[in-house]
Amino acid sequence: MGVVNVTPDSFSDGGRYLDHEAAVAHGLQLVTEGADVVDVGGESTRPGAAPVPDDEERARVVPVVEALAPHVRVSVDTRTAAVAEAAVDAGATLVNDVSATLHPVAAAAGVGWVAMHMRGDPATMQRDPRYRDVVDEVGAFLVERAEAARAAGVGEVWIDPGIGFGKTTAHNLALLARLDELVATGWPVVVGTSRKRFLGQLLAQADATSGTESTGPHIPRREPGGAAAVVVPPDDRIEGSLATAVWSAAAGAGMVRVHDVAATVAALRLPAP
Ligand code: HH2
């Protein structure tokens, strides 16, 4: 699944594809690079992001979905029923739902649904998230959501642990380390680690440990807003994105949601050892 963010403020590509032509061209480029699904979103869900009015989100997403749908399977990345419905009318056949509440829309429209786990909402989710056992809690939540969707009549249901959505780096790593437990639920699994902040943190740490901090391969920087952490910026997180995509696929995930489609497809095509 390749990502097209039609937003001014997404964490890794905000503003690059807000323009209609640029968004469509990027989506088509991802198809030539090997994406099976293109995920079109009109609202950033990065930590601290403010909600976008429904009309605005719909106006961003629908024309891009319409233009891409004849060429590739399109999913709509939204947590708003009206936007999901409009995108399905425009040709989307998968609702990628970070709120895990829109299964009635998918059931009524006869399309697929991705249920993602998020703790709280984007505005507040990274304020001290805590779990007793993150893998057990996320897994139980997703299975309950998937069963509700199946009971409501959704034929194609995916579950997604929601890497970075109300989770610390340790939580994200636990979910990846024990991804096989989510796979063992029998529901097909989607994973989205691409360019996420925890990778920026881990890459900066790895460079520091190997003594290459000042000479590369990455250039870490202090995060904006006076935050104390030093991280590798989003465009420079490719190694972490690829390593975790390959790891996820090897653990049994059926789909990975990525920005760097060509590199991910090449990495996933490597013969298994
Ligand atoms: N992550 C993001 C958005 N949508 N959907 C699923 N199913 N899984 C994810 O992990 C996931 C998602 C966040 O990434 P991005 O779209 O690049 O950024 P932003 O939310 O800032 O637009």
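So, here's what we can say about the structure.

About the criteria used
Residues numbered from 1 in each chain as written. Predicted model: local features only at pLDDT ≥ 70, side-chain atom pairs only at ≥ 80, totals over all residues. Heavy atoms only, no water. Near = heavy atom within 4 Å. Polar contact = N/O pair within 3.5 Å; in protein donor to acceptor, adjacent residues only side chain to side chain. Areas by Shrake-Rupley, 256 points an atom, 1.4 Å probe, with all protein chains shown as cover. 1 Å grid on protein atoms, 1.4 Å probe; cavity = no way out; pocket = protein on both sides within 12 Å on 5 of 7 lines; lining within 4 Å. Sits in = over half its atoms within 2 Å of the grid points. Nonpolar A, V, L, I, M, F, W, Y, C, P; charged D, E, K, R; others polar. Helix = DSSP H or I, 4+ residues; strand = E, 2+ residues; numbered from the N terminus. Buried < 20%, exposed > 50% of the residue type's maximum accessible area, 1.4 Å probe, protein only. Pairing = 2+ DSSP bridges. Right-handed = clockwise from strand over helix to strand, strands pointing away. Contact = heavy atoms within 4.5 Å. Expected span 1.5 Å × (residues − 1). Arc of directions from axis to C-beta. Salt bridge = Lys/Arg side-chain N within 4 Å of Asp/Glu carboxyl O.

## Focus: the site of the ligand
Item 1. In the vicinity of the ligand, 17 residues are found, and the nearest of them are Ser10, Ser44, Asn96, Asp160 and Lys196.
Item 2. Asp160 has a polar side-chain atom sitting 2.7 Å from a nitrogen atom of the ligand.
Item 3. Protein contact buries 99% of the 480 Å² of open area that the ligand shows by itself.
Item 4. Comparing atom positions with the cavity grids shows the ligand to sit within the largest pocket.
Item 5. In terms of residue class, the shell around the ligand is made up of 5 nonpolar, 7 polar and 5 charged.

## Notes on the environment of Ala109
Item 1. Position of Ala109 relative to the elements: it lies in helix α4 (residues 103-109).
Item 2. A relative accessible area of 39% places Ala109 in the partly exposed class.
Item 3. Separated by 16 residues in the primary sequence, Ala109 and Thr93 have C-alpha atoms spaced 8.8 Å apart.

## Here's the deal with the pairing of strand β2 (residues 37-41)
Item 1. The buried fraction of β2 amounts to 5 of the 5 residues, a majority that puts the element mostly inside the structure.
Item 2. On β2, burial covers both faces: Val37, Asp39 and Gly41 on one face and Val38 and Val40 on the other are all buried.
Item 3. Relative to β2, strand β1 (residues 2-5) runs parallel, the two being bridged by 4 bridges. Bridge pairing links Gly2 to Val38 in β2.
Item 4. Traced from β1 through helix α1 (residues 20-33) to β2, the parallel crossover comes out right-handed.
Item 5. Judged from the 5 bridges that link them, β2 and strand β3 (residues 73-77) form a sheet pairing that is parallel. From the neighbouring strand, Val37 faces β3, where its bridge partner is Arg73.
Item 6. After leaving β2, the chain enters helix α2 (residues 54-68) and then returns to the sheet as β3, a path that is right-handed.

## Describing the side chain of Ser241
Item 1. Counting through the fold element by element, Ser241 comes out in helix α9 (residues 238-250).
Item 2. Each residue touching Ser241, except ones within four places of it in the same chain, is listed here: Thr193, Ser194, Arg195 and Leu199.

## Side note on α1
Item 1. Here α1 is 14 residues long and its end C-alpha atoms lie 20 Å apart, about the 20 Å a rise of 1.5 Å per residue gives.
Item 2. Residues of α1 that are buried include every one of Ala23, Val24, His26, Gly27 and Leu30, and no others. Projected down its long axis, α1 shows its buried positions confined to an angular sector of 160°, all on one face. Seen from the open side of α1, the exposed residues pointing more than 90 degrees away from its buried face are Glu21 and Thr32.
Item 3. Buried residues along α1 sit against β1, β2, α2 and α10 (261-268).
Item 4. Downstream of α1 by one or two residues, Gly34 has phi in the positive range, about 115°.

## Concerning the pattern of salt bridges
Item 1. Inspection of the entire model under this criterion finds 16 salt bridges.
Item 2. Put simply, Arg58 and Asp55 hold a salt bridge, and the shortest N to O gap is 2.7 Å. Taken as a pair, Arg58 and Asp55 lie in helix α2 at a separation of 3 residues, close to a single helical turn.
Item 3. Accessibility expressed as a relative area gives 55% for Asp55, which makes it exposed.
Item 4. One salt bridge in this structure joins Glu56 and Arg60, with 3.0 Å as the shortest N-O distance. Here Arg60 and Glu56 lie together in helix α2, a separation of 4 residues that amounts to about one turn.

## Here's the deal with α9
Item 1. With 13 residues, α9 ought to run about 18 Å at 1.5 Å a step, and its terminal C-alpha atoms sit 18 Å apart, in line with that.
Item 2. Those residues of α9 that fall on the buried side of the exposure criterion are Gly240, Ser241, Thr244, Ala245 and Ser248. When α9 is viewed along its axis, its buried side chains cluster within an angular range of 130° and face the same direction.
Item 3. Where α9 is buried, its residues meet α6 (169-177), α7 (179-183), β7 (190-191), α8 (197-210), β10 (255-256) and α10.
Item 4. Of the residues flanking the end of α9, it is Gly252, one or two places downstream, whose phi is positive at about 115°.

## Points about the side chain of His171
Item 1. You can see His171 is positioned in helix α6.
Item 2. Classification of His171 by relative accessible area gives buried; the value is 13%.
Item 3. From its side chain, His171 meets the backbone nitrogen of Thr168 in a polar contact 3.0 Å long.
Item 4. Among residues more than four places away in sequence, those in contact with His171 are Pro129, Arg130, Tyr131 and Val134.

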